[in-house]
Every structure is written in structure tokens, then in C-alpha cells.
Amino acid sequence: MMKTVAKPVSFLLIFCLLSMGFALGKAQAAMVGTETVLNATKTHQTDRIRLNAFLDRPKVQAVLEAQGISPEEARARIACLTDSEVAELAATVDGLPAGGSAVGALIGAGVLVFIVLLITDILGFTHVFPFVYHHPR
Amino acid sequence: MSSRSCIITPGNFRATRRQGASFLSVTILFILLAGCGGVQLTQIQKEMAGIPSRAELKNVPLYPQEADQCGAASLAMVLHWSGIPATPESLVPEVYSPSLKGSLQPAIIGAARRSGRVAYHIYGTEGLLREVGGGHPVIVLLNLGLSWHPKWHYAVVTGYDLSENFVVVHSGKIKPEYFPFRVFENTWARSNRWGLLVLRPADLPVTADEKSYLAAVLGLEKARQWREAVNGYQTALRKWPGSLTALMGLGNSLYALGDLPQAEKAFRDAAHLYPTSGPAFNNLAQVLWKEGRREEALAAAEKAVALGGPLSATFQKTLEEIQSGNP
């Protein structure tokens, strides 16, 4: 059942995305953007980045909105990024946690963490506690 | 304990997730590493010629941070240094992600651009020292805790002293903090030494690399800061005369500002220096057409079409538009 539906739906999706791309190209009149020129030395990679960024912008925006940012502000934040920055962000944003930290639950014992961080602070590996004195100045 | 904890960052996040695994092994590991120390400064000094032995920037303000607002506070400090009267409160709406209780790096970069400043990445200790030594404060991302128990924190490096072994950091407190170099290195290494310059577009990074700098100026175009983008491309052209990307970016930004004669000049320069660049002729044609110089526009568009290449469909379209109608 899923399979029979999937094919026409994906064709429709591809058609929509392609026509959106066409519309975008049209809207930019016929100027070649600086980004295209900048990346012209590695065309294949650039095409992929551009395509990814095109597909990822709504996804990244949704993630930002889920972080408590308004849709307009989320759109504004993404608009300021270059295509490769958006692609990079989208690649990492998948890893963002849904909720509380699993690491915290795993460790649990706060006292143990406190002692470990205290020792690492004294050794100079970390700088968590202001009362650990680091420099005689 | 967590009042200064700040952000989760996409770049570092993966590392955080992988942690957790074995607490015991980590504990043993740090005990083993305890004897190793960090990077030796004397060694760095030997390797890096031309770095001043000390630096202290005087014009970077200190903004004590509100809880979780180290991103906004750090950006406000460097923006203020660069001549923009920003405050942490004014930047919170642009950088903060409420559910993360912190600010993502791309939000900091975007907010710098929205203020008309070039956001330029630096990586590594040498880059940091060269920039601070050259008079540029650097926003750094630190993990003050451990990889499996992170305590992410943005701060601004405003000085260092290689003979006394310390780094001066504006870290959200009312006074500057003096980090022993080893502590700074240990906490900065956990973000893969992520650092960011926020500069006026007329001010070139000491460590500027052509392509990275042009990508940073392109960010100003993305933020629709055309005037500042023009300044940035002009700065790039002083350093790298005849850079095709810089000339094209200059022309595109001037075109966006509606300054057709200057845009035309930039594209003419590009077309003259790069007679095989289709985009230069295409954009020149577009500008000439807007200026009402149809014959010249047609000639440039035909030249672009003749050159062809991966953008030939765009060139063809320019030509057809000029042939068929009014600007």
C-alpha cells in the first residue's frame, strides 16, 4: 500500500521542488550571484551544497522554531547564512537533543561529578568553579 | 554551579553525545593525562615568528552577563569595540535559543552580519595570537567542563602575555579574567578551538585568507547589508587586487544599492581582467540594460552566451530578456 502511494507522491514532490527552484531562479532576474562566482572553482560540490541548502532551509527553520524562536526570527537567522553554512548547520542539527540530557541521567551521582570537576579544576583541565584559584594575579 | 553554563553548539554537539560511555575510563584517562600539560608556550614562540610577546586591548568593554547570555554578552563586547553601541540585552532576541538555554554559533555569526560587521572564523592558537597581537579581540567558545559533562561558554580574548603565560579573557564577569595559558588551551581545545572575529568591513583580519574572507563578506550580502558588503569587497580588492569574486561581489552589491554606474565599472573591470568569465559579461549586460544602453547590453549578453559554460542557461535568458523587452 505504502509503496503504491509513495511513487506518485515522490514524483509530485520532486516536481514541486524543481518548479520552486525554477521560480527562485526567475525571481533573481538574470544576475549571477556572488556566491556562484565564489564557489565556481568546485562546481559539483557547489551544486550539491546549493541543493542541500535549498532543501534544508525549511528544516533548519523548523528546528529553530522548536527551540522557542519565532518563525520570523528563525527565517531571519537563516537568511543571514551562506549556502554552505546552512548545509553545515543542517548536517549537525539532526544531532540536537529532544529534551533533557541523557548524559546527566547516566551519571546521576552529582557528588561524584562535583569531586571529579573539582579535581580537574585544580589540575587546570577545566575551569568550572570560580573558587578554584588559577593564577596569582 | 550552572549559572555560567551557556550553550549547546551544533559543531560540538556530536562530541557531547558520544560521551557518557564509560565514566571510569574517562576518570582513568584524565589521571593519566594529568602529567602531560598543555601546549608549551616557548615552543609556540619558536614556531611563530612575528607574534608580539604580549598584547592587551584597551577598548573592549566588559559586560557582565545575565544567566545563559554569554553569547549575547560576548558579541556585544566585540560589536562595541568595533564601533556599534550594542548591549547584551539588545542582542538576546537575535542570538538566544530559549529551549537550549544558550546561543548557537550560526546565530552569533548572523547577528554580527545583521549589525553590518564581517564575521570571520579563526581556528587554532596561532591564529588567535596573531589576531589579538594585531589588535583584534576574538570571541572564543570554551568548554569549561569536561567533554562528557560540558559547560559551554562564550568569552572574548582581549590579550595575552607569552612570557608570563596567561591569556586575558572577558568572560562575563565584572573584571577581566587571567587564564593560565594551559587552562585556556585545555578548555578551548574542547570546542576544536572555535574563534570568531567581528570586524568593521574596512578592517582586514591579520590571518585573512582570500576565499574565507570573501565568503565572510558574502555573508553581509546575505544579511542585505549592501553598503557594508561594498566596503568589505573594496577591502578585499586592496589586499587581492583583481580578485574576480571580489569584483563580482562589489558589482552585485552596488547593483543592489541601485548605483548602476559604479556597478557597471566593477563588472567592466571583471570582464576586462577575465575576458573568459561569462558571469562578468552577463552581469555587465544586465546593468547596461537597466541603464537603457540596449546595444551595448546586447553585445555583452551575446559575449556571455558565446562563452557558455555551466551557467549558459542564465546567459541565454539575459540575452532573450534584452532582445524582447524593456528594462
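Residues numbered from 1 in each chain as written. Chains lettered and ligands numbered in written order. Predicted model: local features only at pLDDT ≥ 70, side-chain atom pairs only at ≥ 80, totals over all residues. Heavy atoms only, no water.

**Overview of the overall build of chain B**
Filter applied, for reference: In DSSP terms, a helix is any run of H or I states spanning at least four residues, a strand is any run of E spanning at least two, and both are numbered starting from the N terminus. Type-normalised accessible area, obtained with a 1.4 Å probe on protein chains alone, sets the label of each residue: buried when under 20%, exposed when over 50%, and partly exposed for intermediate values. Exposure was quantified through the Shrake-Rupley algorithm and a 1.4 Å probe, taking into account, for residues, occlusion by the shown protein chains and nothing else.
In terms of regular secondary structure, chain B is built from 15 helices and 9 strands. Taking all 327 residues of chain B together, 55% fall into the buried category. Counting only carbon and sulfur atoms, one obtains 53% of the accessible surface of chain B, whose full area is about 13,200 Å².

**Structural notes on the confidence of the model for chain A**
For clarity, the threshold we go by: As a per-residue quantity, pLDDT reports the predictor's confidence and falls between 0 and 100.
Summing up the model confidence of chain A, the mean pLDDT is 70 and the portion of residues at 70 or higher is 55%. Ranking the helices and strands of chain A by mean pLDDT puts helix α4 (residues 71–79) of chain A first, with 91, and helix α6 (residues 102–107) of chain A last, with 44.

**Digging into the domain arrangement of chain B**
Just so we agree on the cut-off: For the purposes of this description, domain bounds are those given by an automatic or database domain assignment.
Domains assigned within chain B are domain 1 (27–199) and domain 2 (231–324). One C-alpha centre belongs to domain 1 of chain B, the other to domain 2 of chain B, and the line joining them spans 40 Å.

**What about the pairing of strand β5 (residues 138–143) of chain B?**
Residues and elements named next belong to chain B. Cut-off, in case you're wondering: Criterion used throughout: strands pair if DSSP finds at least two bridges between them.
Most of β5 sits out of view: 6 of its 6 residues are buried. Residues V138, V140 and L142 line one face of β5 and the alternating positions I139, L141 and N143 line the opposite face, and both faces are buried. Two elements, β5 and strand β6 (residues 152–161), share 6 bridges in a ladder whose sense is antiparallel. Bridge pairing in β6 links V140 to A155. Looking at chain direction, β5 and strand β9 (residues 194–199) are connected through 2 bridges and run antiparallel. Counted as the bridge partner of I139 is L196 from β9.

**Structural notes on the pattern of salt bridges**
Our working rule: By salt bridge we mean one thing: a side-chain nitrogen of Lys or Arg within 4 Å of a carboxyl oxygen of Asp or Glu.
A complete count under the given rule lists 19 salt bridges over all chains for this structure. A salt bridge links E85 of chain A to R113 of chain B, with the shortest nitrogen-to-oxygen separation between them at 2.9 Å. Here E85 of chain A is found in helix α5 (residues 83–93), whereas its partner R113 of chain B is found in helix α6 (residues 105–114) on a different chain. Each member of the pair, E85 of chain A together with R113 of chain B, is buried. Residue R268 of chain B is joined to E264 of chain B by a salt bridge in which the shortest nitrogen-to-oxygen separation is 2.9 Å. Of this pair, R268 of chain B and E264 of chain B both sit in helix α12 (residues 260–273), separated by 4 residues, roughly a single helical turn.

**What to know about the nonpolar core**
Stated formally: As used here, the term nonpolar core means buried Ala, Val, Leu, Ile, Met, Phe, Trp, Tyr and Cys residues forming a set that is joined through side-chain atoms within 4.5 Å. Working rule for contacts: check all heavy atoms of both residues, and any pair within 4.5 Å makes them a contact.
Among the nonpolar cores identified, the biggest contains 98 residues, and L75, L128, I139, V140 and F184 of chain B are the most heavily contacted of them. In terms of residue count, the dominant contributor to this core is helix α4 (residues 70–81) of chain B (8 residues). The residue makeup of this core includes at least three contributed by each of domain 1 (27–199) and domain 2 (231–324) of chain B. Residues within four places of F184 of chain B in sequence aside, it is in contact with L128, V140, L142, V157, V167, V169 and F179 of chain B. Core analysis: the second largest hydrophobic core is formed by 12 residues, V60, I69 and V86 of chain A together with L100 of chain B among them.

**Points about unusual backbone geometry**
Residues and elements named next belong to chain B. Non-glycine residue K101 carries a positive phi angle of around 55°. Assessed through its relative accessible area of 51%, K101 is described here as exposed. Of note, the phi angle at R193 is positive, near 55°, even though the residue is not glycine. Relative to the elements of secondary structure, R193 occurs in the loop between α8 (181–189) and β9.

**What to know about the packing of aromatic side chains**
How we decide: Note on aromatic pairs: the rings of Phe, Tyr and Trp (six-membered ring only in Trp) are paired at centre separations within 6.5 Å, and the planes decide the class, stacked below 30 degrees, edge-to-face beyond 60, tilted for the rest. Note on geometry: a ring has a charge over it if NZ (lysine) or CZ (arginine) is within 6 Å of the ring centre and within 35 degrees of the ring normal.
All chains considered together, the criterion is met by 8 aromatic pairs over all chains. Measuring from centroid to centroid gives 6.0 Å for Y154 of chain B and W194 of chain B, while their planes differ by 65°, and the two rings are edge-to-face. In this pair, Y154 of chain B sits in strand β6 while W194 of chain B sits in strand β9, placing the two residues 40 residues apart along the sequence. Among the residues examined, Y154 of chain B registers a relative accessible area of 0% and is labelled buried. For the ring pair F184 of chain B and W188 of chain B, a centre distance of 5.5 Å and an interplane angle of 40° mean the geometry is tilted. You can see F184 of chain B and its partner W188 of chain B sitting in helix α8, 4 residues apart, about one turn around the helix. Like W188 of chain B, F184 of chain B is buried. Connected via pairs of aromatic rings, a cluster forms that spans F114, F129 and F131 of chain A. Lying across the ring of F281 of chain B, K303 of chain B places its NZ or CZ 5.4 Å from the centre.

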